[in-house]
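# Architecture and fold: a report
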Amino acid sequence: MKSCLAPDPQPTKPHHTLPEGAWDAHCHVFGPSSRFPYAPDRSYTPPDAPFETLRNLHDFLGFSRAVIVQASCHGSDNRAMLDAIARSEGRYRGVAIVNGRESDAQLAEMDAGGVRGVRFNFVAHLGGAPDLELFDQVLERLEPLGWHVVLHLDAQDIVTYADRLERIGVPFIIDHMGRVKAQEGLDQAPFKALLELMENPLAWVKVCGAERVSAGRKPFEDAIPFAERLIEHAPDRVLWGTDWPHPNITRDMPNDGGLVDLMFRFCADPALRQKLLVDNPMTLYGR
């Protein structure tokens, strides 16, 4: 079982001020493992990245709100995420991982605790595609709650599962620009499929994860054209987040202030930035 690098402990102050009410729409909390143990069948072990550190980072960078996305290292034990939401004084919402055995009462309890969606992982190095029958069953239970589904895919999965993605009946979010590979250019089949998918009014995409798209090193400039194209294509259905504490980054750990600066470069229009950071996340997470 591999261990993860710790995030950069010295984030730089962004060069620009975030708009009032800005959301970090994709971040995580890990542990502390002494209180919230990691899943026995996890594929990686991260350093603890607790609520207090995340809250301090958001205060430093200028984020008012955030969405804590459950990561695979905690499996379907969502206690660390729910604890962070409960301690956030209304600032945070969450996306859970479920195993399909949850009762309606348990889902309702998570909703009351700030959860607004579930996440499914398809990424090969994190275990690959879920049980697709379970996937379909869980999605049927989301609509009454007003929840959405977050999909963590490898680039080729956008093509492989195109028919299934088109059949999803609730809002769905593609993580990290679909993890397309910057070196393969804007005309690569997975990115063209992602743009086509965004014609679906239920489809959303996170234009974060530049470090996962980039073929280079900081400041990950080769990811800019992909983010720009997606924002242009669906300005009302794009989100952005830090992805702190950046699990499974094996080289060139991002600096979170630098990622905010990069976001300002690919979303230079203040009106579009208001949508990306405030209006769009409020649509999914504001209640």
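You'll find the protein chain entered in an unreviewed UniProt entry as 2-pyrone-4,6-dicarboxylic acid hydrolase, with Pseudomonas luteola given as the organism.

## Focus on the overall build of the protein chain
Each helix and strand counted, the protein chain has 11 helices and 10 strands in total. Across the 287 residues in the protein chain, those meeting the buried criterion constitute 57%. A fraction of 77% describes how many contacts in the protein chain between residues 6 or more apart in sequence connect residues 24 or more apart. Mean positive and mean negative side-chain charge positions of the protein chain (30 and 40 charges, respectively) differ by 3 Å.

## Section: the environment of R35
Along the chain, R35 turns up in the loop between β2 (23-27) and β3 (44-45). Note on R35: relative accessible area 48%, which makes it partly exposed. Expressed as a C-alpha distance, the spacing of R35 and R79, which sit 44 residues apart in the sequence, is 9.5 Å. Not counting chain neighbours up to four residues away, the residues in contact with R35 comprise R79, D83 and R87.

## Some points on the pattern of salt bridges
By the definition in use, this model includes 16 salt bridges. In this structure, R116 engages D111 in a salt bridge whose closest nitrogen and oxygen atoms are separated by 3.5 Å. Each member of the pair, R116 together with D111, is buried. Between R164 and D136 there is a salt bridge, with its nearest N and O atoms 2.8 Å apart. With R164 in helix α6 (residues 162-167) and D136 in helix α4 (residues 132-140), the pair connects residues that are 28 residues apart, well separated along the chain. In this structure R164 comes out as buried when scored by relative accessible area, which is 18%. Each of R35, E52, D83 and R87 takes part in salt bridges that share partners, so that together they form one network.

## Some remarks on the pairing of strand β7 (residues 148-152)
Of all 5 residues in β7, 5 are buried, a share of seventy percent or more. Where burial is concerned, the two faces of β7 agree: the one with H148, V150 and H152 and the one with V149 and L151 are both buried. As paired strands, β7 and strand β8 (residues 172-174) are joined by 3 bridges and run parallel to one another. Bridge pairing in β8 links L151 to I174.

## Considerations on a negative patch on the surface
Negative charge collects at one region of the surface, where D163, E166, E196 and E199 lie side by side. Within the secondary structure, E166 is located in helix α6. Here E166 falls in the partly exposed class, since its relative accessible area comes to 46%.

## Describing the packing of helix α7 (residues 189-197) against helix α9 (residues 224-233)
In the contact formed by α7 and α9, the axes pass within 10 Å of each other and the chain directions differ by 20°. As summarised for this structure, α7 and α9 are arranged roughly parallel, according to the angle between their axes. Seen from above, α7 lies across α9 with right-handed handedness. Across the interface between the two elements, F191, L194 and L195 of α7 pack against F226, R229, L230 and H233 of α9. When its residues are assigned to classes, the contact of α7 with α9 shows 5 nonpolar, 1 polar and 1 charged.

## Description of the packing of aromatic side chains
Under the counting rule described, the total for this entry stands at 7 aromatic pairs. With 6.1 Å between their ring centres and 75° between their planes, F51 and Y92 make a pair best called edge-to-face. In this pair, F51 sits in helix α1 (residues 51-61) while Y92 sits in strand β5 (residues 92-96), placing the two residues 41 residues apart along the sequence. The same class applies to F51 and to Y92, which are both buried.

## Description of the nonpolar core
Counting residues in hydrophobic clusters, the biggest one holds 85 residues, and the most contacted among them are V149, L151, V207, W240 and F266. Sort the elements by how many residues they give to this core and helix α10 (residues 256-266) lands first, with 6 residues. If you look at the next biggest cluster of nonpolar residues, it comprises 11 residues, including V67, V69, I173 and L284.

## Some details on α9
Listed as buried for α9 are I224, F226, A227, L230 and I231. Considered in projection along α9, the buried side chains sweep an arc of 165° and stay on one side of the axis. In this structure, the buried side of α9 is in contact with α7, β9 (203-206), α8 (210-213), β10 (238-239), α10 and α11 (270-285).

Parameters at a glance
Residues numbered from 1 in each chain as written. Predicted model: local features only at pLDDT ≥ 70, side-chain atom pairs only at ≥ 80, totals over all residues. Heavy atoms only, no water. Helix = DSSP H or I, 4+ residues; strand = E, 2+ residues; numbered from the N terminus. Buried < 20%, exposed > 50% of the residue type's maximum accessible area, 1.4 Å probe, protein only. Contact = heavy atoms within 4.5 Å. Lys, Arg positive; Asp, Glu negative; His and termini not counted. Charge placed at Lys NZ, Arg CZ, Asp CG, Glu CD. Salt bridge = Lys/Arg side-chain N within 4 Å of Asp/Glu carboxyl O. Pairing = 2+ DSSP bridges. Patch = residues over 30% accessible without salt bridge, like charges linked within 9 Å, V, L, I, M, F, W, Y side chains within 5 Å. Areas by Shrake-Rupley, 256 points an atom, 1.4 Å probe, with all protein chains shown as cover. Axes fitted to C-alpha atoms, helices over the stretch in contact; angles between N-to-C directions. Parallel < 35°, antiparallel > 145°, perpendicular 65-115°, else oblique. Left-handed = near helix turned anticlockwise from the far one by under 90°. Nonpolar A, V, L, I, M, F, W, Y, C, P; charged D, E, K, R; others polar. Phe/Tyr/Trp six-rings, centres within 6.5 Å; stacked < 30°, edge-to-face > 60°. Core = buried A, V, L, I, M, F, W, Y, C linked by side-chain atoms within 4.5 Å. Arc of directions from axis to C-beta.

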